[in-house]
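Structural description and commentary
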Amino acid sequence: MTRTDTHDHQRLEAVRQACLEAAMAAYEDAGIRGLCVEGRWECALDAIRSVDLASVVTELPLAMNDGPGLA
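Reading the values: the criteria
- Residues numbered from 1 in each chain as written.
- Predicted model: local features only at pLDDT ≥ 70, side-chain atom pairs only at ≥ 80, totals over all residues.
- Heavy atoms only, no water.
- Helix = DSSP H or I, 4+ residues; strand = E, 2+ residues; numbered from the N terminus.
- Buried < 20%, exposed > 50% of the residue type's maximum accessible area, 1.4 Å probe, protein only.
- Contact = heavy atoms within 4.5 Å.
- Areas by Shrake-Rupley, 256 points an atom, 1.4 Å probe, with all protein chains shown as cover.
- Expected span 1.5 Å × (residues − 1).
- Arc of directions from axis to C-beta.
- pLDDT = per-residue confidence, 0-100.

Attention now moves to the overall build of the protein chain. Regarding its fold elements, the protein chain presents four helices and zero strands. A burial count over the protein chain gives 25% of its 71 residues as buried. Across the protein chain, contacts joining residues at least 24 apart in sequence account for 63% of those joining residues at least 6 apart. In the structure as shown, the protein chain presents an accessible area of about 5,000 Å², 61% of it carried by carbon and sulfur atoms.

This paragraph deals with helix α2 (residues 37–49). Along its 13 residues, α2 runs 18 Å from first to last C-alpha, staying within 8% of the 18 Å computed at 1.5 Å per residue. For α2, every residue scored as buried is listed here: Gly39, Cys43, Ala44 and Ala47. Buried positions in α2, seen along its axis, are confined to an arc of 140° and lie on one side of it. Of the exposed residues in α2, those oriented more than 90 degrees away from the buried face are Val37, Glu38 and Arg49. Considering only its buried residues, α2 is in contact with α1 (3–32).

So, on to the confidence of the model for the protein chain. Scored by pLDDT, the protein chain has a mean of 87; 85% of the residues are at 70 or more. Between the elements of the protein chain, mean pLDDT differs from a low of 52, seen in helix α4 (residues 62–65), to a high of 98, seen in α2.

As structure tokens, this is what we get:
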């Protein structure tokens, strides 16, 4: 695996983690607010849709954002 492949993989994992965290937090919050399972699921999906992917990538450690092919 090349350096670029490794960085791309790390960036993708960061995006996945941000989506999971957003979904879990929204699902939990919806449960606390008394929503049914379907409502909780809809809140989780909305949270994933609203994740600011650009900020997830730009908030990665600086070392991951430098180098060729990592615009």
